[in-house]
Amino acid sequence: PKKKPISFDKPTSKFVSDIEIYNYLINEKKLDKNKTLGILANIQAESDFEIGVTEKGDAVNKGIGLFQFTYSTRKEGLLQKVPDYKTNWKGQIDYFLSEPEAESYLKGSFNSPNEAATFLMKKNIRPKDQGEERIKKQDIYIENFNKKFNQ
């Protein structure tokens, strides 16, 4: 069984909870539910909400953070703008939302969180695996989130 993410208000926490990010995106960033869940589904697939994680495995250029940035300009941008990214989940999200790649997502209109998640994955996150398994993982996350919070 995987460890359940714990609240970030503990300074030793390695994880941020999805509901904390959800509340931040809805209340402070004023995103709608579909875009917010699209972001959460991608964070879950990329880092499982582990704030300062470095990509596991034998990749030469390892991804970092909640969104697993690997592309050099994005990774360097994160390191410059959020040098404390390993403990600063809000900084990582703010940086992510400020990137040029996020513009079409933020301006877009999505009929479901699943549509938003797939758009973000294909147009912005661009992981190596963009196939059915990844989409299924995102869909399951969204379904479980909605069940957990009676959405």
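For the structure given in this document, a descriptive report is provided here. (Residues numbered from 1 in each chain as written. Predicted model: local features only at pLDDT ≥ 70, side-chain atom pairs only at ≥ 80, totals over all residues. Heavy atoms only, no water.)

Points about the overall build of the chain
Next up, step 1: Looking only at helices and strands, the chain features seven helices and zero strands.
Next up, step 2: Counting helices and strands in the order they occur from the N terminus, the chain gives α-α-α-α-α-α-α.
Next up, step 3: Scaling as 2.2 N^0.38, a compact globule of 151 residues should have a C-alpha radius of gyration of about 15 Å, and the chain matches this with 14 Å.
Next up, step 4: For the chain, the spread of C-alpha atoms along the principal axes amounts to about 35 × 35 × 30 Å.
Next up, step 5: Counting every position in the chain, which comprises 151 residues, the buried fraction comes to 45%.
Next up, step 6: Across the chain, contacts joining residues at least 24 apart in sequence account for 52% of those joining residues at least 6 apart. (Helix = DSSP H or I, 4+ residues; strand = E, 2+ residues; numbered from the N terminus. Rg over C-alpha atoms; globule rule 2.2 N^0.38 Å. Buried < 20%, exposed > 50% of the residue type's maximum accessible area, 1.4 Å probe, protein only. Contact = heavy atoms within 4.5 Å.)

A word on the layout of surface pockets
Next up, step 1: The calculated volume of the largest pocket comes to roughly 720 Å³.
Next up, step 2: Lining the largest pocket we find 25 residues, and of these Glu46, Glu55, Gln68, Pro127 and Lys128 sit closest to its centre.
Next up, step 3: By residue number, the principal contributor to the lining of the largest pocket is helix H2 (residues 33-47), which donates three residues. (1 Å grid on protein atoms, 1.4 Å probe; cavity = no way out; pocket = protein on both sides within 12 Å on 5 of 7 lines; lining within 4 Å. Points joined across faces, edges and corners; volume = space filled by probe spheres on them.)

Considering helix H3 (residues 72-81)
Next up, step 1: For H3, the complete set of buried residues consists of Arg74, Lys75, Gly77 and Leu78. One face of H3 carries all of its buried residues, which in axial projection span an arc of 160°. Among the exposed residues of H3, those oriented more than 90 degrees off its buried face are Thr73 and Gln80.
Next up, step 2: The inward-facing, buried residues of H3 contact helix H4 (89-98) and helix H6 (113-125). (Arc of directions from axis to C-beta.)

Geometric descriptors of this kind do not, in isolation, establish any biological role.
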